Amino acid sequence: MSEGIGARVKRKEDKRFITGKGRYTDDIRMENQAYAAFVRSPHAHARVTGIDRAAAEAMEGVIAVLTGPELVADKIGNLICGWAITSKDGSGMKMGPWSALATDKVRYAGDAVAVVIAETPAAARLAAEAVAVDYAELPAVVFADRALDPGAPQVHDVAPGNLIYDWEIGDAGATDAAIAGAHHVTRMEITNNRLSPNPMEPRSAVATFDEAEDHYTLYTTSQNPHVARLVLSAFYNVAPEHKLRVIAPDVGGGFGSKIYIYPEEIVCLWASMKTKRSVKWTADRSEAFLTDAHGRDHVSTATMGFDKSGRITGFKVETIANLGAYMSLFSSCVPTYLYATLLSGQYDIANIHANVKAVYTNTVPVDAYRGAGRPEACYLIERMMETAAREMGMNPADLRRKNFITSFPHQTPVIMAYDAGDFDGNLDKALKAADVAGFPARKAEAARRGKLRGIGYSCYIEACGIAPSAAVGSLGAGVGLWESAEVRVNPVGTIEVLTGSHSHGQGHETTFAQVVADRFGLPIGNVQIVHGDTDKVQFGMGTYGSRSGAVGISAIVKALDKVEAKVRKIAAHVLEAAEADLVIEGGAVKVAGTDRQMAWHEVGLAAYTAHNLPAGMEPGLKEGAFYDPVNFTFPAGAYIAEVEVDPATGVTEVVRFTAADDFGTIINPMIVEGQVHGGVAQGIGQALLEEVVYADDGQLLTGSYMDYAMPRADDVPFYTIEHNTTVCPNNPLGLKGCGEAGAIGAPPAVINAITDAIGTNDLAMPATPQRVWRAIQAARPAIAAE
Amino acid sequence: MYATTYHRPGSVAEAATLIGANPEAKVLAGGQTLLPTMKQHLAAPSDLVDIRRIPGMAGVSAAGGVLTIGAATAHADVARNADVLRHAPALACLAAGIGDPAVRHMGTIGGSVANNDPAADYPSAVLALNATVVTNRREIAADAYFKGMFTTALEEGEIITAIRVTPPKRAGYAKFANPASRYALVGVFVAETASGVRVAVTGAGANGVFRHKGLEAALAASFTPEAVDGVKISAEGLLSDIHAAADYRAHLIGVMARRAVAAA
């Protein structure tokens, strides 16, 4: 079957994307549409002492100028974080109030204070500049490791010392003892740099209030429109769910940043009700830099003990996680249950303890970004392993092998139960594909050209397929993390699949159709994937955490099972055969060993004409399902980076990159490779280029592409990609997920390669030319002494 | 962007009249800096006077062995011009490395020289090649033209019409690009000209493009990459920002000077 599971099918959706026919939120034009522009705080921390809107209100084309107190008066609720984390002393996390428009205080540069609704975008923006806000500036705190200092400026009254929670996992006593008794101890201070997500399409919203129906419609850039509706309804009090339709049409990338509900969508809905106009807002790139939730921003101390043979005895981690000025929707779980639960990596470690302090600062909120917690964990472990190997004089690949988990299932001391994997096999494939044996010759050749060549490893594991609802519920999640699907077979046999997963670059319209095509032997052209509209799809938890395959497709498979059961009953009845004798293949239901068959469309027709159905059977052929996973899935792999450093300038070039991944069953290898390419590019971006920089006073210094360095095509090499498949035993197709792996696994591989090249372990991300040059200068006396 | 009035004059004289008539008018010569600045509401010219379509403003002539590059000549056109490639290949190489393809097809040499961005490439070439900035009023020697960051000898309403370059004996340019913007973090243009060896540095100076006398003296004595090794390059007066501190920029000036000489 050329279009089924495993086929390298070209993406169905690309025709409209590459011909400019995609339909994004900003392409939506409503009757009577007006435009919103936000008045944003220029200060990182200040009291709002007065807002004079008279001049703005008098300007041409201005419909309304609205502020926080009116929003509060209309009982629009504060933004919330949906995952409750409990500190080690038993107290709850300290969630400070976040009003969609500031009422008394602004807490980061870019915080929204007021909104102007006007006839044109230009009029709205001009009037926004004319709103005079009086601020009483307050001192700001910006950096994770300074937020807890005595006397640091206080961001929220409810969080003394800026501490949101002080959380731990694992056995502290046993871990300390294991490290104390270790033969060798490796200790590192590691910062995970703060990143801006930068999806190609900026955030956008178009809200319409229908006064006659008392009903709202919101088009928005969301990875999870049902979650948006749920939160807008249940917590922000915009409208009850049955009076609110949320549509996420084509969405141009998200990387996590479009999971969350932001103030702007809430304000557009509310302003539509206030002004009786459709209200549109689309961020420009400057606004995206200022207000999109950032990722990472951890400062950690890691300590790892080893016995004489190189076996890990204990791993202790202390992390301060910067959550920014407010707790974004899932911010709390990122540095806890998505991070510390992965600190065992691919290794059999008996004793692990992690202590995480989450802090407020006067910066934009921080939440999940491609990988979300798992890159931070992987970076710590894999830099520790490489450094430890060097300190102990061991081959870094051998040290990893010595500690690999080799039998499954494996229960780690930090909650996760790994279900399947072949870590040695991944590493074998990577070593071979990367021609590690030939590295010394390549290094010598590079040296003749004056370049320092280095090689670095990273053996990552992640927890995807988020997540068993009861399990995450017990850990504080405010929602279940199942997925839903509905399969509608039309009377002519074509199929519509309605899915709660949302596609914003992942290629669902193709891969999901391949699963259906594979099941019934139909061409993928006969299958339409419908998503992103709360009025069409029964429900959905959306797309994040590499869950669309493992959870979203599993829900579709469950619905397909039900469809198939009914198809068999109908066909058995019509063909006068036993169900057990039927096979479904090549677009027909056949009686095995005979020439009797029903074409697929004849089954559909039979179901809808209902002229000849089994006694008691309802007409129609449409089934829905909810699928709740029984475990996370555990994609894992081995990455090998090879770099060349120019010692004169500190410039690093990634000259080779090999990825050997275990994603479980692969539906479309081309799309999976594309995901790896993109993920690794983002990982190389984090390792070499990307960093959000705030000044001490909280001003964003990397507010445009002039200063925030995104990877370009010539910053990344051609990739060598291998697959080493062990199927996931816990979902019907054996899928694990591939969306985040590259961003998780690549950064430590690159940094390990650079530190190998320049002969020091002391190097921070991003390894900019200046940083690498300084590291070389600092290491020079040591190199000279050798 | 604030509202503005766009003009497309047919002659330099008409352009000058338009500029003179509107104190808040700006010359538009590709707009690769001006238009993004306007979009960010950091500039609000009442009028834009687009000189790119004025007949004769774009193109290169090599009459009398002297290169005259029209102010409205796009970077891409300088990069591939046969006369520039023959008489001043280093200049073509520089133009080929400005920004990205879109920038190179819109941005112009006159626009870049008039703007005098401290991280722009062209000012280093104009200064090192001892070029002449030709305007609608006069001719300005390069040494008298650059007056500091975003500041030049141009008077109100004065419009650059061409850059005139006497081909050097040899010249080379090496740029260390800012990883984000790909402007010059440090760019060094070396040239052996009729008036001696000249070395101009862009991207690094807190006061814009400047000549480095120490490098000039060393290269005058021996125009070799090794000659750079003995030159002490001070970090004083150099820029420090989130991408590069002054001492790193000073170090890069040496590295780029060596590479520029090697390329010459």
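See the structure above.
(A) The arrangement of the interface of chain A and chain B in detail. Each side of the interface is counted separately: chain A has 24 residues, and chain B has 23 residues. With a shortest N-O distance of 2.8 Å, A:Asp714 and B:Arg182 are connected by a salt bridge. If you look at where chain A meets chain B, you find 15 residue pairs in polar contact (both at pLDDT 80 or more). Put simply, the parts of the chain that give the side of chain A that touches chain B at least two residues each are α4 (121–130) and α20 (769–785) of chain A.

(B) Examining a negative patch on the surface more closely. On the surface, A:Asp210, A:Glu211, A:Glu213 and A:Asp214 cluster together into a patch of negative charge. Mapping A:Glu213 onto the fold places it in the loop between β9 (204–210) and β10 (215–220).

(C) Broad picture of the sheet that holds strand β4 (residues 105–106) of chain A. Residues and elements named next belong to chain A. In space, the 3 strands of this open sheet follow the order β4-β2-β6, with antiparallel pairing throughout. Strand pairing shows two members of the sheet lacking a second neighbour, β4 and β6 (132–137), which therefore form its edges. Pairing of strand β2 (residues 46–52) with β6 involves 6 bridges; the strand directions are antiparallel. Within β6, the residue paired with arginine 47 across the bridge is alanine 136.

(D) Spatial organisation of the sheet that holds strand β18 (residues 452–461) of chain A. Residue and element names in this part refer to chain A. Spatial ordering of the open sheet is given by β18-β26-β27-β28, a layout of 4 strands whose pairing is mixed. The open sheet has two edge strands with one neighbour each: β18 and β28 (719–723). Strand-to-strand, the axes of this sheet are offset by a mean angle of 15°, without reference to chain direction. Bridge count between strand β26 (residues 636–645) and strand β27 (residues 652–662): 10 bridges; the pairing is antiparallel. Residue pairing for β27: alanine 638 is matched across the bridge by alanine 660. Sitting on the sheet, helix α13 (residues 439–448) touches β18, β26 and β27, and the angle it makes with β18 is about 140°. Packed on one face of the sheet, helix α19 (residues 741–758) meets β18, β26 and β27 and runs near 150° to β18.

Procedures and definitions
Residues numbered from 1 in each chain as written. Chains lettered and ligands numbered in written order. Predicted model: local features only at pLDDT ≥ 70, side-chain atom pairs only at ≥ 80, totals over all residues. Heavy atoms only, no water. Contact = heavy atoms within 4.5 Å. Salt bridge = Lys/Arg side-chain N within 4 Å of Asp/Glu carboxyl O. Polar contact = N/O pair within 3.5 Å; in protein donor to acceptor, adjacent residues only side chain to side chain. Helix = DSSP H or I, 4+ residues; strand = E, 2+ residues; numbered from the N terminus. Patch = residues over 30% accessible without salt bridge, like charges linked within 9 Å, V, L, I, M, F, W, Y side chains within 5 Å. Areas by Shrake-Rupley, 256 points an atom, 1.4 Å probe, with all protein chains shown as cover. Lys, Arg positive; Asp, Glu negative; His and termini not counted. Charge placed at Lys NZ, Arg CZ, Asp CG, Glu CD. Pairing = 2+ DSSP bridges. Axes fitted to C-alpha atoms, helices over the stretch in contact; angles between N-to-C directions.

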